[in-house]
Amino acid sequence: TRWDSSHAQEPTPKVQAGMDQAADLSSAFRYVAGKLKPSVVSIQTRTEVRVEGRSGRSRPSFPGLPPEFERFFDRDFFEDLPRGPMRQEGQGTGVIVSADGLIVTNNHVVRNAQTINVVTHDRKTYTAKVVGADPKTDIAVIRIDATGLTPAKLGDSDAAEVGDWVVAIGSPFGLAQTVTAGIVSAKGRSLSITD
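A brief report on the enclosed structure follows. Owing to the predicted nature of the structure, the values given are computational and were not obtained by experimental measurement. (Residues numbered from 1 in each chain as written. Predicted model: local features only at pLDDT ≥ 70, side-chain atom pairs only at ≥ 80, totals over all residues. Heavy atoms only, no water.)

Things to note about the overall build of the protein chain
The helix and strand tally for the protein chain stands at three helices and eight strands. The N-to-C order of helical and strand elements in the protein chain reads α-β-α-β-β-α-β-β-β-β-β. Across the 195 residues of the protein chain, 22% fall into the buried class. Relative to all contacts within the protein chain whose residues are 6 or more apart in sequence, the contacts with residues 24 or more apart total 65%. (Helix = DSSP H or I, 4+ residues; strand = E, 2+ residues; numbered from the N terminus. Buried < 20%, exposed > 50% of the residue type's maximum accessible area, 1.4 Å probe, protein only. Contact = heavy atoms within 4.5 Å.)

What follows is the structure, encoded as structure tokens:
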């Protein structure tokens, strides 16, 4: 059936006030997303890995599974993998923190990468180098040879409170400039870091 809006009931003042607040919140999200998108980059990495065979090893065992499943592994299929170097590609997200090319990302994104490419919001691609990394906190800093970039304004994490709205902008699964929102779920959690 076709919806006839002429029969729709007008919102009560309370409902209208709630709709106005929701519209204000949407406007705030749009503003933050528009302000920060130029500071968010997509990171693409490439690493050469060496694949070795499993000569002399018996085929894997899968206890509890039907015999038909184990027959699938009658040959050691790992032996069929190509030998030698193989190219491994990865991707992640970073945020520009200085106009001259410093970018903060996760250490696991760039760890062991032999080639790091950074794609900015205007689709320009730069080669990056790691200038610092801390595997324990999974933070890394990389640099690209560029100027005039738009750095993100870093806030005071001590001022954040549980329940505060937060916006996340990133490149999950290679989908650049994706925006989502949530709330601060907890504070005061720390990693147990030892040398």
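After that view, the rundown keeps rolling.
Some remarks on the nonpolar core
The biggest cluster of nonpolar side chains holds 15 residues, and the ones touching the most others in it are I43, I103, V110, V118, I142 and I144. Those elements that provide at least two residues to this core are strand 1 (40–51), helix 3 (107–110), strand 4 (115–119), strand 5 (125–134) and strand 6 (139–144). The element contributing the most residues to this core is strand 6, with three residues. With residues near it in sequence (within four places) discarded, I144 still touches D100, G101, I103, V118, Y126, T127, A128 and L149. (Core = buried A, V, L, I, M, F, W, Y, C linked by side-chain atoms within 4.5 Å.)

Concerning the pattern of salt bridges
Evaluation of the coordinates by the stated rule reveals two salt bridges. Across the salt bridge formed by R143 and D100, the nearest N and O atoms sit 3.8 Å from each other. Pair noted here: R143 is in strand 6 and D100 is in the loop between strand 2 (84–96) and strand 3 (102–106), with a separation of 43 residues, a long-range link. R143 gets classed as partly exposed once you look at its relative accessible area, which sits at 33%. Under the relative-accessibility criterion, D100 is labelled partly exposed at 41%. (Salt bridge = Lys/Arg side-chain N within 4 Å of Asp/Glu carboxyl O.)

Some points on the side chain of S39
In this structure, S39 sits in the loop between helix 1 (13–36) and strand 1. Here S39 is in contact with G94, V95, I96, T150, P151 and A152, once residues within four sequence places are set aside.

Examining the side chain of T105
Note that T105 resides in strand 3. The class for T105 is buried, based on a relative accessible area of 4%. There is a polar contact of 2.7 Å between the side chain of T105 and the backbone oxygen of T93. (Polar contact = N/O pair within 3.5 Å; in protein donor to acceptor, adjacent residues only side chain to side chain.)

Re the pairing of strand 6
Here strand 6 shows a clear split, with A140, I142 and I144 buried on one side and none of I139, V141 and R143 buried on the other. Relative to strand 6, strand 5 runs antiparallel, the two being bridged by six bridges. Looking at the pairing, A128 lines up with I144 of strand 6. Linking two consecutive strands that pair antiparallel, namely strand 5 and strand 6, is a turn of four residues; a positive phi of about 60 degrees is found at D138 within it. (Pairing = 2+ DSSP bridges.)

Topic: the environment of A99
Among the structural elements, A99 can be located in the loop between strand 2 and strand 3. Separated by 52 residues in sequence, A99 and P151 have C-alpha atoms that sit 5.6 Å apart. Not counting the four nearest positions on each side in its chain, A99 is found in contact with A146, T147, G148, L149 and P151.

Side note on the packing of aromatic side chains
Centre distance and the angle of the planes are the two values used to describe a pair of aromatic rings. Per the stated rule, a full pass over the model turns up one aromatic pair. Between the aromatic rings of F29 and W165, the centroid separation amounts to 5.4 Å while the plane-to-plane angle is 75 degrees, which identifies the pairing as edge-to-face. In this pair, F29 is assigned in helix 1 and W165 in strand 7 (residues 165–170), connecting sequence segments 136 residues apart. By relative accessible area, F29 is classed as partly exposed at 24%. (Phe/Tyr/Trp six-rings, centres within 6.5 Å; stacked < 30°, edge-to-face > 60°.)

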